[in-house]
Every structure is written in C-alpha cells, then in structure tokens.
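Listed below are the residues making up each chain.
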Amino acid sequence: MDESAVENVTRRSNAVGQFGNYSAQATRAILKGASISQGLSILGKWGVDKIQENILSGTPPAQAQATVDKKGHDNTLIETETLFDSITYEVAPATGEDD
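Heads up: these notes are all about the structure in this document. (Residues numbered from 1 in each chain as written. Predicted model: local features only at pLDDT ≥ 70, side-chain atom pairs only at ≥ 80, totals over all residues. Heavy atoms only, no water.)

## Here's the deal with the overall build of the chain
In terms of regular secondary structure, the chain is built from 4 helices and 0 strands. In the chain, the order of α-helices and β-strands from amino to carboxyl end is α-α-α-α. Taken as a whole, the chain presents about 7,400 Å² of accessible surface, with 54% of it coming from carbon and sulfur. (Helix = DSSP H or I, 4+ residues; strand = E, 2+ residues; numbered from the N terminus. Areas by Shrake-Rupley, 256 points an atom, 1.4 Å probe, with all protein chains shown as cover.)

Next comes the structure, spelled out in structure tokens:
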C-alpha cells in the first residue's frame, strides 16, 4: 500500500472517531435539555469543518503548472473561495413535524 493510501485510511479512521465524539456531544446536549435541532447543529458544524479541512489539505490530482501560475497556489479545489465559503448545513424539520 502506498503512502497516500495509508494517509487516506488514517484520515478516514480519524474522521469516524471524531464523528463519534461529536455524536456523543450532541446526544449529551439533547439529554441536558437542548432541542434535537440544536443537537443536529453540532453535527452539521462538524460536517462543514471536515469538508473545509479536506479542501484545505489538498485534493489530488496535482494541478498543472499553468494552473498553479494562474491561481498562485496549487490547491485543487480553491480558486475564488466561492465553493469553500458556500459550504454550510441546514437542520430542517421532518415533513409534518415540529422540533
């Protein structure tokens, strides 16, 4: 297994562990009186953070030199930061249900 594959497996394992920690945090908040929406917001914020971290970590394939020269950096998914800044979450009530 090459080094990048090992790194990907490690990153995914860490993400699964972190999701478990945030799930537990959300559950504790709900048990202490927070609404389900507030608990789900904890998970939504975690998801946004993880996606943005992944973008910032550099996603293969490598950029062509002409692209790097044009953008001024070699990050695959960032050119104008519009995508990065638009990553968000929404906690919507289930159809016919209120929080």
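Read on for the rest.
## Section: the packing of aromatic side chains
Applying the stated rule across the entire model yields 1 aromatic pair. Here Y22 and W46 contribute two aromatic rings whose centre-to-centre distance is 6.2 Å and whose plane-to-plane angle is 40 degrees, an arrangement assigned as tilted. Here W46 lies in helix 2 (residues 36-56) and Y22 lies in helix 1 (residues 3-31), a separation of 24 residues in the sequence. A residue is classified by how much of its surface remains accessible, and W46, at 13% relative accessible area, is buried. (Phe/Tyr/Trp six-rings, centres within 6.5 Å; stacked < 30°, edge-to-face > 60°. Buried < 20%, exposed > 50% of the residue type's maximum accessible area, 1.4 Å probe, protein only.)

## Topic: the environment of D69
By secondary structure assignment, the location of D69 is in helix 3 (residues 65-71). Here Q65 takes part through its side chain, which lies 2.7 Å from a polar atom of the side chain of D69. (Polar contact = N/O pair within 3.5 Å; in protein donor to acceptor, adjacent residues only side chain to side chain.)

## Considerations on the nonpolar core
Counting 5 residues, the largest nonpolar core consists of V48, I55, I78, F84 and I87. Ignoring any residue separated from it by four or fewer positions in sequence, one finds V48 in contact with I87, T88 and Y89. (Core = buried A, V, L, I, M, F, W, Y, C linked by side-chain atoms within 4.5 Å. Contact = heavy atoms within 4.5 Å.)

## Overview of helix 2
Across its 21 residues, helix 2 extends 30 Å between first and last C-alpha, which sits within 8% of the 30 Å expected from 1.5 Å per residue. Every buried residue belonging to helix 2 is among G39, S41, I42, G44, W46, G47, V48, Q52 and I55, and all of these are buried. One or two residues past the end of helix 2 sits G58, with phi positive at roughly 90 degrees. (Expected span 1.5 Å × (residues − 1).)

## Remarks on the side chain of Q52
Within the fold, Q52 resides in helix 2. Among all residues touching Q52, those that are not within four sequence positions of it are F84 and I87.

## Remarks on a nonpolar patch on the surface
Judged by side-chain polarity, I30, I36 and L40 come together as a nonpolar surface patch covering roughly 250 Å² of accessible area. Relative to the assigned elements, I36 resides in helix 2. For I36, a relative accessible area of 53% corresponds to the exposed category. (Patch = residues over 30% accessible without salt bridge, like charges linked within 9 Å, V, L, I, M, F, W, Y side chains within 5 Å. Salt bridge = Lys/Arg side-chain N within 4 Å of Asp/Glu carboxyl O.)

## Considering the pattern of salt bridges
Proximity of charged atoms lets side chains of opposite charge pair with each other. Tallying each qualifying case throughout the model produces 1 salt bridge. Close ionic contact of K50 with E53 constitutes a salt bridge, the shortest N to O distance being 2.9 Å. One end of the pair, K50, and the other, E53, are both in helix 2, 3 residues apart, so they sit about a helical turn from each other.

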